[in-house]
Amino acid sequence: MISKKEVKKLAFLGRVELTDEELESVPKKLEAILKYVQKLSEVDTEKTEPFFHFSETSNVFREDLSNKEKNGMKEEVKKIKEHKNNYLKVKSIWG
Amino acid sequence: MGITIKETQKRLRDKETTPEEVVANFLSLIKERNEEMNVFLDVFQDTVQEMKKKDSSLPLYGAVFGIKDNILIKGKRCTAGSKILENYNASFDATVIEKIKEKGGVFIGKTNMDEFAMGSSTENSAFGPTRNPYDLERVPGGSSGGSAVAVSVGMCNIALGSDTGGSIRQPAAFCGVVGFKPTYGAISRSGVISMASSFDQVGVLANIVEDAKLVFDSIRGKDERDSVTVDFNGGSVETKKKDKIVVGVPKEYFIEGISSEVKESIEEALSRIKGEEIELVDISLPHTEYALPVYEIIMASEISSNLARYDGIRYGKEDTESVMKSIEDLYMKNRGKGLGKEAKRRVVLGTYTLSSGYYDAYYIKAQKVRALIIDDFRKAFQRVDAIITPTTPTLPFKIGEKIEDPLTMHLSDIFTVTASISGLPAISIPYVKKNGLPVGVQLIGDRFKEELLFNIAEKFEKIWQT
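Residues numbered from 1 in each chain as written. Chains lettered and ligands numbered in written order. Predicted model: local features only at pLDDT ≥ 70, side-chain atom pairs only at ≥ 80, totals over all residues.

Engineer: For this particular structure, what's the right way to read the overall build of chain A?
Structural biologist: When helices and strands are tallied, chain A shows three helices and two strands. Going through the 95 residues of chain A one by one, you find that 16% of them count as buried. (Helix = DSSP H or I, 4+ residues; strand = E, 2+ residues; numbered from the N terminus. Buried ≥ 20, exposed ≤ 12 C-beta atoms within 10 Å, placed from the backbone.)

Engineer: Would you take a moment to explain the interface of chain A and chain B for this structure?
Structural biologist: Quoted interface sizes are often the accessible area lost when the parts come together. Listed by partner, the interface residues are 43 residues for chain A and 54 residues for chain B. Here the element with the most residues in the side of chain A that touches chain B is helix 2 (residues 20-37) of chain A; it accounts for eight residues. Looking at the side of chain A that touches chain B residue by residue, the class counts come to 24 nonpolar, eight polar and 11 charged. (Contact = placed C-beta atoms within 7 Å. Nonpolar A, V, L, I, M, F, W, Y, C, P; charged D, E, K, R; others polar.)

Engineer: What's the story with the packing of helix 9 (residues 291-306) of chain B against helix 12 (residues 359-380) of chain B in this structure? I'm lost.
Structural biologist: Think of two packed helices as two axes; the pair is described by the angle between the axes and how far apart they sit. Residue and element names in this part refer to chain B. Orientation of helix 9 relative to helix 12, taken along the N-to-C sense of each, is 130°, at an axis distance of 9 Å. Taken as axis vectors, helix 9 and helix 12 run oblique relative to one another. For the pair helix 9 and helix 12, the sense of crossing is left-handed. Contacts between helix 9 and helix 12 involve Ala-291, Val-294, Ile-297, Ile-298 and Ser-301 from the first element and Tyr-362, Tyr-363, Ala-366, Gln-367, Val-369, Arg-370 and Ile-373 from the second. Along the lines of polarity and charge, the residues of the contact of helix 9 with helix 12 split into nine nonpolar, two polar and one charged. (Axes fitted to C-alpha atoms, helices over the stretch in contact; angles between N-to-C directions. Parallel < 35°, antiparallel > 145°, perpendicular 65-115°, else oblique. Left-handed = near helix turned anticlockwise from the far one by under 90°.)

Engineer: Can you walk me through helix 8 (residues 260-273) of chain B in this structure?
Structural biologist: Residues lying three or four places apart along an α-helix face the same way, a consequence of the helix completing one turn every 3.6 residues. All names here are of chain B. Between its first and last C-alpha atoms helix 8 spans 20 Å; for 14 residues at 1.5 Å apiece the expected length is 20 Å, and the two agree. Turning to helix 8, its buried residues number three or more, namely Val-262, Ser-265, Ile-266 and Ala-269. Each buried residue of helix 8 lies within a common arc of 95° when the element is viewed along its axis, so the set occupies one face. Exposed side chains of helix 8 directed beyond 90 degrees from the buried face belong to Ser-260, Glu-267 and Ser-271. (Expected span 1.5 Å × (residues − 1). Arc of directions from axis to C-beta.)

Engineer: Looking at this model, I keep getting lost on the sheet that holds strand 4 (residues 158-163) of chain B. Mind explaining?
Structural biologist: Sheet strands pair via backbone hydrogen bonds, and the direction of the pair is either parallel or antiparallel. Residue and element names in this part refer to chain B. Pairing is mixed across the open sheet formed by 11 strands, whose spatial order is 1-3-2-4-6-5-10-11-9-7-8. Every interior strand has two partners, whereas the edge strands, strand 1 (40-43) and strand 8 (278-283), have only one. Here the average twist between neighbouring strands, direction ignored, is 30°. Taken together, the three bridges between strand 1 and strand 3 (residues 106-111) define a ladder with antiparallel strand orientation. Residue Phe-40 lies in a different strand from strand 3, and its bridge partner there is Thr-111. Lying over the sheet, helix 7 (residues 209-219) contacts strand 4, strand 5 (178-181), strand 6 (201-206) and strand 10 (426-434), oriented at roughly 145° with respect to strand 6. (Pairing = 2+ DSSP bridges.)

Keep in mind these numbers describe shape, not what the thing actually does.
Structure below.
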């Protein structure tokens with residue numbers, strides 16, 4: 001059984017704050033899904049290699065050049081909600 | 001009710017209509033019905049000007065597109081159905097958008113969807129549910145529900161969607177249109193907001209197979225910005241037997257739990273295509289029953305990783321009320337308020353299945369069974385040219401009916417998810433209407449054999465229409 005405490009820990013690792021209502025409902029939903037996927041234990045995979053890629057994909061390399069004319073930093077910063085002197089403005093954090 | 005690209009192009013070429021009139025007709029229908037069905041999140045005002053700039057000899061000239069709101073169009077808002085992106089404006093065009101622009105197509109707006117494409121009903125959108133045009137109390141399917149409805153009622157000629165576990169084919173079936181998902185790697189996903197990257201593909205919702213093929217041919221191909229894409233010419237159209245199409249009917253898809261309306265329709269559809277040119281053979285895909293659990297684990301794992309980038313700092317929902325104690329606290333609060341219930345639930349599940357103690361038991365186990373499912377199809381395609389199945393196990397369900405139970409909701413993807421797991425091309429073709437609601441038939445093709453799949457689909461479409 002997945003406890004509320006465990007779900008809290010997972011939510012912290014995934015960086016999502018859950019509401020009180022979600023802290024009640026998520027453990028149950030998670031439990032139901034984990035029980036459901038237990039079905040996979042019926043399958044003998046002793047000699048099976050796990051799947052990772054469909055084809056022989058390889059890394060795509062390019063020259064390390066800046067792309068200033070295409071998307072200037074100023075353009076990008078302008079899209080951000082709060083910005084000043086080309087920097088993005090965030091809330092102060094007190095810890 | 002829909003209007004095909006072919007039809008619009010012909011009328012434009014014969015000077016029976018003008019770009020102004022084409023676009024005005026779509027816009028007036030959107031104005032009239034968007035409020036009641038919640039199809040478009042944003043409607044553009046520059047469509048006519050764009051069309052008038054295009055060369056009329058281009059292959060997509062005249063085609064008016066609806067675009068699912070997880071595909072970037074430069075300068076336009078792109079929300080992915082989420083509050084966390086509600087004020088995000090795209091800074092570049094997705095490769096598919098670039099290609100449509102080059103080939104003469106234009107855009108009329110962005111369509112509603114389940115948040116980050118997570119859902120099978122378009123009820124999970126932060127901007128409210130979309131409704132099925134055949135019965136406003138029912139869902140249009142999802143997650144590309146807005147795109148399916150837009151094409152079905154004729155608010156545009158054609159629409160792009162994305163398909164991770166059935167998100168194009170299932171809404172296509174529920175709304176009575178054609179829904180096509182390509183082979184994994186056939187169409188670039190650069191500029192498409194990721195959900196689960198080993199499944200995600202861009203595809204088309206259309207009124208007829210021919211339109212879907214036209215758009216596929218215009219947007220496919222290798223793109224250095226999506227490393228899984230490959231160059232191919234549409235694939236060989238050769239069939240296994242000379243002058244005959246061999247179609248596999250997998251017994252695992254005719255199971256208990258499939259509704260009587262769908263069962264009757266598919267049996268009727270099969271009996272009508274059977275003949276000298278088309279041979280139906282019974283096949284078995286023995287690992288089918290494990291497809292949903294496999295999908296559930298891998299999809300959630302990939303989501304928890306893909307959604308990590310949304311922190312609410314640069315754009316989107318920000319918690320401005322709370323005092324932040326730490327940077328983690330800031331992330332948690334911004335994401336806690338910006339992401340919807342379903343997204344959060346999947347992030348938590350994916351974090352669990354990827355955590356060090358459970359990684360082998362869940363994620364690796366699922367990837368092993370995935371390899372077996374892929375192998376089932378590989379064996380089947382040694383004998384057959386295509387596989388035929390129902391697209392969904394039931395008719396469109398009622399809004400609210402399944403939203404609280406993720407497992408029941410995911411059952412509506414049971415017939416579409418296998419092609420996603422295996423990276424195969426698949427198409428849903430509307431068959432008939434039962435009790436006033438549409439039923440879809442799915443054809444699955446072999447990897448990179450789109451050309452053949454479209455040939456077969458067009459043949460069947462013709463038989464079923466008469």
